[in-house]
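These are the residues of each chain, in order.
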Amino acid sequence: MATIKVTNKDFYNAFIALANGEEIAFSPEQVAEWCEKKIAQLEKKSATGSSKPTKTQVENETFKAEILRVLIANGGYMTISEIQAESEMLKDLKNQKMSALLRQLGAEGTKQVEKVIDKRVTRFKAVEVEDTAE
């Protein structure tokens, strides 16, 4: 006797029918078993997800450190072009990438860079971190 394979699509259609108040062809035990299987798959996928940063993320961290180094060494406000002129590593980066990296450095959580727009010219400065460890 051949067994009929029940697909995920069949279960999803059954859930739609159930939500519309219709009868479904599956027993409550079958539905619970299918749901538990799907939850286990999601947990396994979540647990095996890589927490290791990608090659680009590692590269971007290097660029951010260099941007901070240049801004701290200068001490004042600088445009993206001025930052790039001060660093051999950053000179070949596109302005869009520099802008994205500076935005990340200025995000609320880190707030390492301050952004000021004056007469349509955007300038950046390293934020001074106060030493609280005494």
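What you see is a predicted model, and the numbers here were worked out from it, not measured in a lab.

## Section: the overall build of the protein
Now for step 1: Counting its regular elements, the protein contains 5 helices and 2 strands.
Now for step 2: N-terminal to C-terminal, the α/β element order of the protein is α-α-α-α-α-β-β.
Now for step 3: Relative to the 2.2 N^0.38 estimate, which gives 14 Å for 134 residues, the radius of gyration of the protein is 27 Å and therefore markedly larger than a compact globule would have.
Now for step 4: With the C-alpha coordinates of the protein rotated into their principal frame, the extents come out at 80 × 40 × 30 Å.

## A short note on the nonpolar core
Now for step 1: Ranked by size, the top nonpolar core spans 17 residues in total, and within it Ile67, Leu71, Ile83, Leu90, Met98, Leu102 and Val113 carry the most contacts.
Now for step 2: Of all the elements in the fold, those that place two or more residues in this core are helix H3 (55-74), helix H4 (80-86), helix H5 (95-105) and strand S2 (121-126).
Now for step 3: If one sorts the elements of this core by residue count, H3 sits on top with 5 residues.
Now for step 4: Excluding its chain neighbours within four sequence positions, the residues that come into contact with Ile83 are Val70, Leu71, Met78, Leu90, Met98 and Leu102.

## A few points about the pairing of strand S1 (residues 113-118)
Now for step 1: By the bridge criterion, 6 bridges tie S1 to S2 in an arrangement that is antiparallel. The residue of S2 that forms the bridge with Glu114 is Lys125.
Now for step 2: Hairpin connection of S1 to S2: 2 residues between the antiparallel strands, including Lys119 at a positive phi of 50°.

## Observations regarding the environment of Glu86
Now for step 1: Its location among the elements puts Glu86 in helix H4.
Now for step 2: According to the relative accessible area criterion, Glu86 is exposed, its value standing at 54%.
Now for step 3: Spatially, the C-alpha atom of Glu86 lies 58 Å from that of Tyr12, the residues being 74 residues apart in sequence.
Now for step 4: When residues no more than four places from it in sequence are discounted, the contact partners of Glu86 are Arg69, Val70 and Met78.

## Here we look at the packing of aromatic side chains
Now for step 1: Enumeration according to the criterion identifies 4 aromatic pairs in this entry.
Now for step 2: Seen in terms of ring centroids, Tyr12 and Trp34 are 5.2 Å apart; in terms of plane orientation they differ by 90°. Their pairing is edge-to-face. Linking Tyr12 in helix H1 (residues 8-19) with Trp34 in helix H2 (residues 28-48), this pair joins segments that are 22 residues apart in sequence.
Now for step 3: For Tyr12, a relative accessible area of 47% gives the class partly exposed.
Now for step 4: Plain terms: the ring middles of Phe15 and Trp34 are 5.5 Å apart, the flat faces sit at 50° to each other, and that makes the pair tilted. Here Phe15, found in helix H1, pairs with Trp34, found in helix H2; they are 19 residues apart in sequence, far enough to count as distant.

## With respect to unusual backbone geometry
Now for step 1: Its identity is not glycine, yet Lys119 carries a phi of approximately 50°, on the positive side.
Now for step 2: The exposure class assigned to Lys119 is exposed, which follows from its relative accessible area of 75%.

## What about the packing of H1 against H2?
Now for step 1: Closest axis-to-axis distance for the H1/H2 pair is 12 Å, and the angle between their directions is 120°. Classed by the angle they form, the pair H1 and H2 counts as oblique. Seen from above, H1 lies across H2 with left-handed handedness. On the side of H1, the interface is formed by Asn8, Phe11, Tyr12 and Phe15, while H2 contributes Gln30, Val31, Trp34, Cys35 and Lys38.

## A look at the side chain of Thr79
Now for step 1: Tracing the backbone through its elements, the reader meets Thr79 in the loop between H3 and H4.
Now for step 2: Apart from residues lying up to four places away in sequence, Thr79 is in contact with Val121, Thr122 and Arg123.

Parameters and conventions
Residues numbered from 1 in each chain as written. Predicted model: local features only at pLDDT ≥ 70, side-chain atom pairs only at ≥ 80, totals over all residues. Heavy atoms only, no water. Helix = DSSP H or I, 4+ residues; strand = E, 2+ residues; numbered from the N terminus. Rg over C-alpha atoms; globule rule 2.2 N^0.38 Å. Core = buried A, V, L, I, M, F, W, Y, C linked by side-chain atoms within 4.5 Å. Buried < 20%, exposed > 50% of the residue type's maximum accessible area, 1.4 Å probe, protein only. Contact = heavy atoms within 4.5 Å. Pairing = 2+ DSSP bridges. Phe/Tyr/Trp six-rings, centres within 6.5 Å; stacked < 30°, edge-to-face > 60°. Axes fitted to C-alpha atoms, helices over the stretch in contact; angles between N-to-C directions. Parallel < 35°, antiparallel > 145°, perpendicular 65-115°, else oblique. Left-handed = near helix turned anticlockwise from the far one by under 90°.

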